[in-house]
Amino acid sequence: MSDTPNIVTGDFEAPTIEPPPDSGAAPGTAGKQRREVHDVWIAGTEEPRVAQSTNEGAQELLPAGQEPAAAVQRGTVVDDDYLFGYDSEQEERQIINMGPQHPSTHGVLRLQMELEGETIRRVKPIIGYLHTGMEKTAETLTWLQGPTNVTRMDYLSPFFNELAFSMAAEDLLGVDIPARGQAIRILMTELNRISSHLIWLSTQGMDIGALSLMLYGWRERELLLAFFEKTTGLRMNHNYIRPGGVAADLPDGWEDDVEEILEVIPKAMEEYDELIAANPIFLDRTQGIGVLTIEECKAYGVTGPIARASGMAVDLRKIFPYSGIEQYEFDVPVGKTGDTYDRYLVRMEEMRQSMRIVRQVLETMPAGDYRTEDRKVTPPPRKRIDESMEALIHHFKIFTSGFKVPAGDVYRAVESPRGELGMYIVSSGGPRPWRVHARAPSFNHVQALPAMMTDSLVADIIATLASVDPVLGDVDR
Amino acid sequence: MTDDATIEPAQATEPAAEDVDAAAEALIEDVALAALDAAELEVAADGQTVTAWIDRAGYVELMAAARNAGFDTFVDLCAVDYFRRQPRFEVVVIVFALEQRRRLLVKVGVPGGEPTLDSLTPLWPGANFYEREAYDLFGIHFSGHPDLTRILLPDDWEGHPLRKDYAVGSVPVQFKGAHQTP
């Protein structure tokens, strides 16, 4: 790419939403109509406080034949108005906030939107409402406690957080994970991809009015969560994948559970496809909505199903394979137009491909140990503790003071259901990480929202946001 | 299942290892040559990632050269506080080249006394939020950034919590807008 992509040209301006520059008018009285100024006295004081009546903005319908929104919206290039200058010729606009407490923002995302009638002209995503300082907390936890913390970041795909953290830690430690441990990791993460995409499907359906999808999606997800609970003890935030392997072996009879999942989910997916894939209302609400081009994906760092729906053939499982996923056969679906409907198709196909991987893992699950033999990171077997004092001390030391990790820094990334989930970890050689930074896919996707939403209608904001599938725990960390 | 016309599963084929290495070598040379005049540059490469250390002066120039050399996907930007080391901060930028299948990891030192760095937003708009995050949590100022405000913490928060001299648990919770009634 030698020349600049179309979204970064033009003059840069502070993206705070400002009133249109109107020379001669006092600040706050911009626009064509003069606002009324009321003097309000506060009881008990002599000081008049000046307040302005709310400007309601343009509420009337547009003249017939003038449909600016639909014309721009069906195009393929959506300019990022958020970075562009303000056009003073524009009509009167009003600013409304969607969120942070709004059922369709999938958490505590706040969208500050500038409306012109029913059309969104500018969008500013405002985040931070769920910030809990997890990166700071990570510096106070040992390497074994780390996954407990990071699993809460992207709470819909906890296994991926743990996997990225563990892979980075193992890179620094230089330990190898046995084949069974690797296969269990792939099994759990790919099942997690299905459960996460089922949540996306449910909320996508609910947000645009297909309420039955919400019920069905959660019903099938329950099957997966039951298996997770059986394996890890918890339905979410499992702390199952740890540096050195996984916390426990698969439970007895896990093959039957996975077999049942592989039997039920494909049938359910046929049902979903029957319900909405060719549904004219669904097509109308999703086709040509929230389009993102490849150039915009690259400029904003958009990855995962959204980038693939735009035609960018990027999947870390193929490009930088991890945990032995290269030995399984699967395809990467790539869309063409990059709209909300393509994202639907890509995610549905990804679920089918994940089931293909799970099927292969089920058939080829190797025997052996599920965690590394390295006694530095793996506690001694339970039986040894009964007969050896040293083993007991060893066990105690690993779980209290933890093990030391050689100094260095490493970036490892996995393909989470949302995109590239990376962990940049710096170790100073001590028992705790010096710095843990999570490269959250949703963080990038939220900041690309203006590029998808500008000049679309209010109703399409909901459809677009649902197709982006942000997890605010991941964004705010 | 319906006939999904707009989608075709595409197998991303693995290129031969030697091709990739040759491409990476050429890439390193391109990037290095473009930026060598401006500042000192060290480069290290492994199977996936090309790592480069660069001075502040040649940082944006190197990133622009990298983007022209194919590293056009923005991935990540974060800061690290090394506290007692000079320079105190290190900003780590990761960009990705899809065609060459390589990551470029650029590390640039930022002194603690004057924590400023040029912004990458003219090159990648995706750097916007990440630079705001680094400003919010580490207090590093990115000159040329269109909107360098706090992003994760409230606007009236004091201090930059991911600095190593910002202790855990020693600061009372700040309730925004809370006031006492007499």
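Note that the structure is a prediction, hence the values are computed from the model and not measured.

Undergrad: Could you clarify how one ought to interpret the overall build of chain A in this entry?
TA: Looking only at helices and strands, chain A features 18 helices and 11 strands. Counting only contacts in chain A whose residues sit at least 6 apart along the sequence, the fraction spanning at least 24 positions is 71%.

Undergrad: In this structure, what is going on with the overall build of chain B? I would like to understand it.
TA: Regarding its fold elements, chain B presents three helices and eight strands. Secondary structure elements in chain B, listed N-terminal to C-terminal, are β-α-β-β-α-β-β-β-β-α-β. Sorting the 182 residues of chain B into buried and exposed places 41% on the buried side. Long-range contacts, defined here as pairs at least 24 residues apart, represent 49% of the contacts in chain B between residues at least 6 apart.

Undergrad: Looking at this model, I keep getting lost on the pairing of strand 3 (residues 49-54) of chain B. Mind explaining?
TA: Successive side chains on a regular strand alternate, one facing one side of the sheet and the next facing the other. All names here are of chain B. Every second residue of strand 3 is oriented toward a common face, the buried set being Val50, Ala52 and Ile54 and the non-buried set Thr49, Thr51 and Trp53. Looking at chain direction, strand 3 and strand 6 (residues 102-110) are connected through six bridges and run parallel. Each bridged residue has a counterpart across the sheet, and for Ala52 the counterpart in strand 6 is Val106.

Undergrad: Any chance you could explain the sheet that holds strand 5 (residues 119-126) of chain A here in plain terms?
TA: Within a sheet, neighbouring strands are paired by backbone hydrogen bonds and run either parallel or antiparallel to one another. All names here are of chain A. With respect to topology, three strands assemble into an open sheet ordered 3-4-5, the strand pairing being antiparallel. The sheet is open, and its two edges are formed by strand 3 (94-98) and strand 5, each paired on a single side. Across this sheet, the average inter-strand angle for adjacent strands is 25°, counted without regard to direction.

Undergrad: Looking at this model, I keep getting lost on the packing of helix 5 (residues 179-207) of chain A against helix 6 (residues 211-232) of chain A. Mind explaining?
TA: In a pair of packed helices, the angle between the axes and the distance between the axes together describe the arrangement. Residues and elements named next belong to chain A. Interhelical geometry of helix 5 versus helix 6 gives an angle of 165° and a closest axis separation of 7 Å. With respect to helix 6, the axis of helix 5 lies roughly antiparallel. Classified by chirality, the crossing of helix 6 by helix 5 is left-handed. Facing Leu191, Ile194, Ser195, Leu198, Ile199, Leu201, Ser202, Gly205 and Met206 of helix 5, the residues of helix 6 in contact are Leu211, Leu213, Met214, Gly217, Trp218, Glu220, Arg221, Leu224, Leu225 and Phe227. Here the contact of helix 5 with helix 6 is built from residues that sort into 13 nonpolar, four polar and two charged.

Undergrad: Any chance you could explain unusual backbone geometry here in plain terms?
TA: Trans is the prevailing form of peptide bonds, just as negative phi is the prevailing case for residues other than glycine. In this structure, Pro87 of chain B follows Gln86 of chain B across a cis peptide bond, with omega equal to -10°. Along the chain, Pro87 of chain B falls in the loop between strand 4 (73-81) and strand 5 (89-97). Of note in the backbone geometry, Asn239 of chain A takes a positive phi value of approximately 55° without being a glycine. Counting through the fold element by element, Asn239 of chain A comes out in the loop between helix 6 and strand 6 (241-242). Of the residues examined, Asn239 of chain A has 20 C-beta atoms within 10 Å and is grouped as buried. In this model, Asp455 of chain A sits at a positive phi of 65°, which is unusual for a non-glycine residue. Position of Asp455 of chain A among the secondary structure elements: in the loop between helix 16 (449-453) and helix 17 (458-468).

Undergrad: Sorry, what's going on with the nonpolar core here?
TA: Side chains of a nonpolar character, in soluble globular proteins, are inclined to be buried together. Within the largest apolar cluster, 154 residues are counted, with the highest numbers of intra-cluster contacts made by Ala164 of chain A together with Val91, Ala134 and Ile140 of chain B. Filtering out sequence-adjacent residues up to four positions away, Val91 of chain B remains in contact with Leu77, Ala79, Val108, Val110, Leu117, Ala134 and Ile140 of chain B.

Undergrad: How should the packing of helix 7 (residues 254-277) of chain A against helix 12 (residues 340-364) of chain A be read in this particular structure?
TA: Residue and element names in this part refer to chain A. As a packed pair, helix 7 and helix 12 sit with axes 11 Å apart at the nearest point and diverge in direction by 155°. If you check the angle between helix 7 and helix 12, you find them roughly antiparallel. For helix 7 against helix 12, the interelement crossing comes out left-handed. In this structure, helix 7 uses Glu255, Val258, Leu262, Ile265, Pro266 and Met269 to contact helix 12, whose residues at the interface are Met348, Met351, Met355, Val358, Arg359 and Leu362. For the contact of helix 7 with helix 12, a count of residues per class yields 10 nonpolar, no polar and two charged.

Undergrad: Even after reading the chapter, I still don't get helix 17 of chain A, so can you show me in this structure?
TA: An α-helical segment advances 3.6 residues per turn. Residues three or four places apart therefore align on the same side. All names here are of chain A. Taken across its 11 residues, helix 17 has nine buried, putting it largely inside the fold. Asp460, Ile461, Ile462, Ala463, Thr464, Leu465, Ala466, Ser467 and Val468 are the residues of helix 17 that are buried. Looking at the residues trailing helix 17, positive phi occurs at Asp469, about 55°.

Undergrad: Hey, could you run me through the environment of Met113 of chain A in this one?
TA: All names here are of chain A. With respect to the helices and strands, Met113 occurs in strand 4 (residues 110-116). Met113 sits 150 residues away from Glu263 along the chain, and the two C-alpha atoms are 44 Å apart. Sequence-distant contacts of Met113, defined by excluding residues within four places in its chain, comprise Ile96, Met98, Ile120 and Val123.

Undergrad: Please explain the sheet that holds strand 11 (residues 433-439) of chain A as it appears in this structure.
TA: Residue and element names in this part refer to chain A. Strand order in this open sheet of three strands is 9-10-11, and the pairing throughout is antiparallel. Edge positions in the sheet fall to strand 9 (408-416) and strand 11, since each of these pairs with one other strand and no more. Averaged over all neighbouring strand pairs, the angle between strand axes comes to 15°, with direction disregarded. Where strand 10 (residues 419-427) meets strand 11, six bridges bridge the pair, whose relative direction is antiparallel. In the strand pairing of strand 11, Ile425 is matched with Val436. The strands that helix 4 (residues 158-173) touches are strand 9 and strand 10; relative to strand 9, the one it contacts most, it runs at about 150°.

Rules and cut-offs
- Residues numbered from 1 in each chain as written.
- Chains lettered and ligands numbered in written order.
- Predicted model: local features only at pLDDT ≥ 70, side-chain atom pairs only at ≥ 80, totals over all residues.
- Helix = DSSP H or I, 4+ residues; strand = E, 2+ residues; numbered from the N terminus.
- Contact = placed C-beta atoms within 7 Å.
- Buried ≥ 20, exposed ≤ 12 C-beta atoms within 10 Å, placed from the backbone.
- Pairing = 2+ DSSP bridges.
- Axes fitted to C-alpha atoms, helices over the stretch in contact; angles between N-to-C directions.
- Parallel < 35°, antiparallel > 145°, perpendicular 65-115°, else oblique.
- Left-handed = near helix turned anticlockwise from the far one by under 90°.
- Nonpolar A, V, L, I, M, F, W, Y, C, P; charged D, E, K, R; others polar.
- Core = buried A, V, L, I, M, F, W, Y, C linked by C-beta atoms within 7 Å.

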